[in-house]
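Chains, contacts and geometry: an overview
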Amino acid sequence: GESVGLHLPTLSVQEGDNSIINCAYSNSASDYFIWYKQESGKGPQFIIDIRSNMDKRQGQRVTVLLNKTVKHLSLQIAATQPGDSAVYFCAEKLDNQGGKLIFGQGTELSVKP
Amino acid sequence: DTEVTQTPKHLVMGMTNKKSLKCEQHMGHRAMYWYKQKAKKPPELMFVYSYEKLSINESVPSRFSPECPNSSLLNLHLHALQPEDSALYLCASSRALVREQYFGPGTRLTVT
């Protein structure tokens, strides 16, 4: 389930199930989006990116979908594994903002074995 | 190789101390970044360097002073910090400003 407010939104899934992590971004002028995975005690790890001229991009076990009409980004993880447990951040880059990334609040994914 | 290294891993300093955080990458990236991250929060951008020149300062207090001695190194000099500056300080680099950023493991800073 999910919780809101002062706590990170959380998503709990069973090992082997597919996970979908959602992100609403703020600026219609954003032209580039990245998903990061951050495990406890580590820095964010690049997962996949997508430019605003695309609506879908696939990687290994991951797919990112972009809906510019409603400013929504999602990360789909196939066959979720315990090693996927982490906090996932989406980030958007505004056009003409010189490398500045704005991160979403993050979602904590917990995978039950 | 997508490795960004940061030293030290942990740092405890008093409010009157001067210390420096170091970041290094050997990927030939020409953009480097400092972020601050509090617990359970997303990273917040502090500084951006592009081709060794400061291009973005996100209104960071002057007690934080960045330095880019060459294209592989990025330092963050700390002086007269406050306890609320305690956080994880992350360095990142990218091939260019419009490309994906790769993060180091961070320095966990505690100001006493």
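Remember, predicted model here, so these are calculated numbers, not experimental data.

Moving on to the overall build of chain B. Looking only at helices and strands, chain B has zero helices and 11 strands in total. Seen in sequence order, chain B has helices and strands lined up from the N terminus as β-β-β-β-β-β-β-β-β-β-β. Over its C-alpha atoms chain B spans a radius of gyration of 13 Å, differing by no more than 12% from the 13 Å that the globule rule assigns to 112 residues. Principal-axis analysis of the C-alpha atoms gives chain B an extent of 35 × 25 × 20 Å. Across the 112 residues of chain B, 48% fall into the buried class. If you take every contact in chain B between residues at least 6 apart in sequence, the share linking residues at least 24 apart comes to 54%.

A word on the pattern of salt bridges. Any two side chains of opposite charge can pair, so long as their charged atoms come close to each other. Taken as a whole and judged by the stated rule, the model has eight salt bridges over all chains. Its salt-bridge partner being Lys100 of chain A, residue Glu58 of chain B comes within 2.8 Å of it at the nearest N-O pair. In this pair, Glu58 of chain B is assigned in the loop between β6 (53-57) and β7 (64-70) and Lys100 of chain A in the loop between β8 (86-94) and β9 (101-103), connecting two distinct chains. Asp85 of chain B is the partner of Arg63 of chain B in a salt bridge, and the nearest nitrogen-oxygen pair spans 2.7 Å. Placement of Arg63 of chain B in the loop between β6 and β7 and of Asp85 of chain B in the loop between β8 (73-79) and β9 (87-94) is noted, with a sequence separation of 22 residues between them.

Residue and element names in this part refer to chain A. Residues at a pLDDT of 70 or more form 94% of chain A, whose mean pLDDT is 91. At the level of individual helices and strands, chain A shows its lowest average pLDDT in β9, which scores 92, and its highest in strand β5 (residues 56-58), which scores 98. Per-residue pLDDT stays below 50 along residues 1-6; that stretch engages in seven contacts with residues further than four places along the chain or on separate chains.

Time to look at the nonpolar core. Burial of nonpolar side chains together is a common tendency in soluble globular proteins. Grouped together as the largest cluster of nonpolar side chains are 24 residues, with contacts concentrated most on Trp34, Phe64, Leu76 and Leu78 of chain B. Filtering out sequence-adjacent residues up to four positions away, Leu76 of chain B remains in contact with Lys19, Ser20, Leu21, Trp34, Met46, Phe47, Phe64, Ser65, Pro66 and Tyr89 of chain B. In terms of nonpolar packing, the next biggest core, distinct from the first, is built from 20 residues, Val13, Phe33, Ile48 and Cys90 of chain A among them.

Okay, the pairing of strand β5 (residues 44-50) of chain B next. All names here are of chain B. Here β5 lies mainly inside the structure; six of its seven residues are buried. Strand direction decides the pairing type here: strand β4 (residues 31-37) and β5, joined by six bridges, are antiparallel. When the bridges of β5 are listed, Lys36 appears paired with Glu44. Once β4 ends, the chain turns through six residues before running back antiparallel as β5, passing Lys40 with a positive phi of about 65°. Bridge analysis of β5 against β6 gives four bridges, and the strand direction is antiparallel. Each residue of the ladder has a partner; that of Phe47, found in β6, is Asn57. Hairpin connection from β5 to β6: two residues lie between these consecutive antiparallel strands, with Tyr51 at a positive phi of about 50°.

This part is about unusual backbone geometry. Phi is mostly negative for residues that are not glycine, and the peptide bonds are mostly trans. Each neighbour pair has its own omega, and for Thr7 of chain B with Pro8 of chain B the value is -10°, a cis peptide bond. With respect to the element layout, Pro8 of chain B can be found in the loop between β1 (4-7) and β2 (10-13).

To continue, consider the packing of aromatic side chains. Evaluation of the coordinates by the stated rule reveals 11 aromatic pairs over all chains. For the pair Tyr36 of chain A and Phe103 of chain B, a centre-to-centre distance of 5.3 Å together with 90° between the ring planes defines the contact as edge-to-face. In this pair, Tyr36 of chain A sits in strand β3 (residues 30-38) while Phe103 of chain B sits in strand β10 (residues 102-103), so the two residues belong to two different chains. As far as burial versus exposure is concerned, Tyr36 of chain A and Phe103 of chain B are alike and both buried. Note on Phe89 of chain A and Phe103 of chain A: the rings are 6.2 Å apart at their centroids and 85° apart in plane angle, and the pair reads as edge-to-face. With Phe89 of chain A in strand β8 and Phe103 of chain A in strand β9, this pair connects stretches of sequence that are 14 residues apart. Here the two residues Phe89 of chain A and Phe103 of chain A agree in accessibility, since each one is buried. Each member of the aromatic cluster is reached from another via a ring pair, and the members are Tyr36, Phe46, Phe89 and Phe103 of chain A together with Tyr33, Tyr35, Tyr102 and Phe103 of chain B. Over the ring of Tyr32 of chain A we find Arg51 of chain A, and its NZ or CZ is 4.2 Å from the ring centre.

Cut-offs and rules
Residues numbered from 1 in each chain as written. Chains lettered and ligands numbered in written order. Predicted model: local features only at pLDDT ≥ 70, side-chain atom pairs only at ≥ 80, totals over all residues. Heavy atoms only, no water. Helix = DSSP H or I, 4+ residues; strand = E, 2+ residues; numbered from the N terminus. Rg over C-alpha atoms; globule rule 2.2 N^0.38 Å. Buried < 20%, exposed > 50% of the residue type's maximum accessible area, 1.4 Å probe, protein only. Contact = heavy atoms within 4.5 Å. Salt bridge = Lys/Arg side-chain N within 4 Å of Asp/Glu carboxyl O. pLDDT = per-residue confidence, 0-100. Core = buried A, V, L, I, M, F, W, Y, C linked by side-chain atoms within 4.5 Å. Pairing = 2+ DSSP bridges. Phe/Tyr/Trp six-rings, centres within 6.5 Å; stacked < 30°, edge-to-face > 60°. Lys NZ or Arg CZ within 6 Å of the ring centre and 35° of its normal.

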